[in-house]
Amino acid sequence: MLILGIETSCDETGIALFDSERGLLAHALHSQIAMHEEYGGVVPELASRDHIRRVLPLIRRVMHQAGAALTDIDAVAYTQGPGLAGALLVGSSVANALAFTLGIPALGIHHLEGHLLSPLLAGNPPRFPFVALLVSGGHTQLMRVAAVGNYELLGETVDDAAGEAFDKTAHLLVLGYPGGPALAQLAGEGRADKYKLPRPMLEQMHKTGNLDFSFSGLKTAVLLLVRKEAPDTAARADVAASFQEAIVDVLVAKSLYALEQTGLNQLVVAGGVGANRRLRQRLDREATEQGYTVFYPEFEFCTDNGAMIALAGALRLGAGIGANTPEALRMQGSVSPTPDSAARTYAFTVKPRWDLSTSV
Ligand code: KG4
Ligand code: ZN
């Protein structure tokens, strides 16, 4: 089964073609980072307009790379949410128009489901069930993943996401946008034990088992520190390293606790912050010491991409939970669509806010 994946939830246009037997055939990505850089953050209207410009040429490029024709596609999977409404609308309308034209299903995929399944694109994938740590620019969650479409929330951030904390702290250190990778790089040159920063909500975890996160206090602590010390270049590296260590400490401790609580022994780390080398280093060491195995997506599939959306679509269809549309059901051999129900199939909405545990 050949699935076209379309990701347009934020500032990356990602397209991919995934074959359920042969794996990923081709993928392409356009990042809008350079365009948003001068504003210090994503400008939603500019993001939507750029997705409009990029999406069709990227689809053509991917089809060409894979040597496939549009008529070979069996289903189109697209990010339906969460994300920027206008940006989501671009991918959703193209996906539904294409699927309507080809008479195939269009599957709305939850962006975070794409992230948490993305390690399955790698060579040595995890097996269900596993614990997933989702750490992106918009989300920080621990989930128990029992099967495709079966996600239980164990804990999430009550304020800033981990990536957001990286980006805001990088901004304080005048490191540009998006700041996560730049801050991580600077941290490599600094001393992580130079400044004592808070490890939010770790104490509560030990007392009550609470797996929620909170990063806004940490960001404020850095703000106060920067104001007080007015650090020079070397001291800024120490601030970056101390900040990174505080975040990593919290993420590692909560992940290990989630494994202990659930009795599972595999941890999947997904989302942009999953590209952080210090996080990987610490998790690899500490989780392995305790007998757990940690899985990451390939570096290029840590941040937003179309491959994870195509994969999620393929897995959902394979598991028989693709989408509740007549086309999807017909593919599963259940019903044949009536003209009326077929028309309804392609009436779509986007879900800028969408809870993953209700996505099935
Ligand atoms: O998953 P993603 O591409 O987009 C969202 O769905 O949010 O994640 C982007 C986030 C940004 O906040 C970025 O700064 C952060 O991931 N990020 C990193 C690193 N690479 C990307 N944060 C820390 N260290 C990194 N190496
Ligand atoms: Zn993402």
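Residues numbered from 1 in each chain as written. Chains lettered and ligands numbered in written order. Predicted model: local features only at pLDDT ≥ 70, side-chain atom pairs only at ≥ 80, totals over all residues. Heavy atoms only, no water.

**Side note on the sheet that holds strand S1 (residues 2–7)**
Taken together, the 5 strands give an open sheet; going across it, the order is S3-S2-S1-S4-S5, and neighbouring strands pair in mixed fashion. The sheet is open, and its two borders are formed by strand S3 (23–31) and strand S5 (106–110), each paired with just one other strand. Averaged over all adjacent pairs, the angle separating strand axes in this sheet is 20°, with direction ignored. Where strand S2 (residues 12–19) lies against S3, 8 bridges are found, and the strand directions are antiparallel. Bridged to Asp19 within S3 is Gly23. Of the strands in this sheet, S1, strand S4 (75–81) and S5 touch helix H3 (residues 85–102), which is tilted by about 155° from S4. Its contacts with the sheet place helix H11 (residues 307–318) against S1, S2, S3, S4 and S5, and it is angled at close to 135° to S1. (Pairing = 2+ DSSP bridges. Helix = DSSP H or I, 4+ residues; strand = E, 2+ residues; numbered from the N terminus. Axes fitted to C-alpha atoms, helices over the stretch in contact; angles between N-to-C directions. Contact = heavy atoms within 4.5 Å.)

**Let's talk about the nonpolar core**
Phe215, Phe243 and Val269 are the most contacted members of the largest nonpolar core, which totals 50 residues. Looking at which element gives the most residues to this core, the answer is helix H9 (residues 233–262), with 16 residues. Those residues within four positions of Phe215 in sequence are excluded, and the remaining contacts are Thr140, Thr157, Asp159, Asp160, Ala161, Ala162, Ala165, Ile247, Val250 and Leu251. Counting residues in hydrophobic clusters, the runner-up holds 32 residues, among them Ile3, Ile109, Leu134 and Val145. (Core = buried A, V, L, I, M, F, W, Y, C linked by side-chain atoms within 4.5 Å. Buried < 20%, exposed > 50% of the residue type's maximum accessible area, 1.4 Å probe, protein only.)

**Digging into the domain arrangement of the protein**
When its domains are assigned, the protein resolves into domain 1 (2–116 + 303–358) and domain 2 (124–296). Taken together, the contacts link 18 residues of domain 1 with 17 residues of domain 2. Each partner contributes to the roughly 1500 Å² buried at the junction of domain 1 and domain 2, and carbon and sulfur atoms together form 73% of this total. Among the residues of domain 1 in contact with domain 2, Leu112, His115 and Leu116 are the three that bury the most area, contributing 38% of the side total. Inspection of the domain 1/domain 2 interface yields 0 salt bridges. Summed over the shared surface of domain 1 and domain 2, the result is 2 residue pairs in polar contact (both at pLDDT 80 or more). For the side of domain 1 that touches domain 2, the elements supplying multiple residues, two or more each, are helix H1 (33–37), helix H4 (111–117) and H11. Per-element accounting of the side of domain 1 that touches domain 2 gives the leading share, 4 residues, to H4. Across the side of domain 1 that touches domain 2, the residue classes tally to 8 nonpolar, 6 polar and 4 charged. (Domains from an automatic or database assignment. Buried area = accessible area lost by both parts, 1.4 Å probe. Salt bridge = Lys/Arg side-chain N within 4 Å of Asp/Glu carboxyl O. Polar contact = N/O pair within 3.5 Å; in protein donor to acceptor, adjacent residues only side chain to side chain. Nonpolar A, V, L, I, M, F, W, Y, C, P; charged D, E, K, R; others polar.)

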